[in-house]
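Here is how the chains run, residue by residue.
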Amino acid sequence: MSEVADRVRRTIKRYRVATADTRLVVALSGGSDSVALAELLCHLDGTHQLHVIGFAHFNHRLRERASDDERFCGEIAVRLGRPFA
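The rules we used
- Residues numbered from 1 in each chain as written.
- Predicted model: local features only at pLDDT ≥ 70, side-chain atom pairs only at ≥ 80, totals over all residues.
- Heavy atoms only, no water.
- Helix = DSSP H or I, 4+ residues; strand = E, 2+ residues; numbered from the N terminus.
- Contact = heavy atoms within 4.5 Å.
- Lys, Arg positive; Asp, Glu negative; His and termini not counted.
- Charge placed at Lys NZ, Arg CZ, Asp CG, Glu CD.
- Pairing = 2+ DSSP bridges.
- Core = buried A, V, L, I, M, F, W, Y, C linked by side-chain atoms within 4.5 Å.
- Buried < 20%, exposed > 50% of the residue type's maximum accessible area, 1.4 Å probe, protein only.
- Salt bridge = Lys/Arg side-chain N within 4 Å of Asp/Glu carboxyl O.

Any chance you could explain the overall build of the protein here in plain terms?
Counting its regular elements, the protein contains three helices and two strands. If you list the helices and strands of the protein from N to C, you get α-β-α-β-α. Reported as C-alpha extents along the three principal axes, the dimensions of the protein are approximately 40 × 20 × 20 Å. In the protein, the share of contacts with a sequence separation of at least 24, taken over all contacts with a separation of at least 6, comes to 70%. Each charge class in the protein was averaged separately, 13 positive and 11 negative side chains, and the resulting centres sit 7 Å apart.

In this structure, what is going on with the pairing of strand β2 (residues 51-56)? I would like to understand it.
Sheet faces and side chains relate simply in a regular strand, where the side chains alternate between the two faces. Looking at chain direction, strand β1 (residues 23-27) and β2 are connected through five bridges and run parallel. Bridge pairing links Val 26 to Phe 55 in β2.

It is not clear to me how the nonpolar core should be interpreted in this structure. Could you clarify?
When a protein is soluble and globular, its nonpolar side chains tend to lie buried together. Counting 16 residues, the largest nonpolar core has Leu 28, Leu 41, Leu 50, Val 52, Phe 55 and Leu 80 as its most contacted members. The set of elements that each furnish at least two residues to this core consists of α2 (32-46), β2 and α3 (66-80). Sorting elements by how many residues they give to this core places α2 first, with five residues. Beyond its immediate stretch of four places on either side in the chain, Val 52 contacts Leu 24, Val 26, Leu 41, Cys 42, Asp 45 and Arg 82.

Teacher, can you tell me more about the pattern of salt bridges here?
Pairing between side chains of opposite charge can happen when the charged atoms of each approach one another. Across all of its chains, the model carries six salt bridges by this definition. Here Arg 65 makes a salt bridge to Asp 68, at a shortest N to O gap of 3.2 Å. Classification of Asp 68 as partly exposed rests on a relative accessible area of 31%. Through salt bridges with shared partners, a single network forms among Arg 65, Asp 68 and Arg 71.

In structure tokens form, the structure reads like this:
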């Protein structure tokens, strides 16, 4: 993840997207892109680039497996040690 994290870190700095004082609630759908983003942002939190204060998931209940997605997102939040809403 180092190369990707470095690229994201540079982009965040260049465009002033976040600072060490920025507190984020990360939207988490359970898809591969949002899970990768959650992992990456928690990695950056560990290097004091920003603060991930929790994860949010909205269950629209439009698909039969929507509750499975919600449960999966909650498990990711627990594994990453962040609150989940």
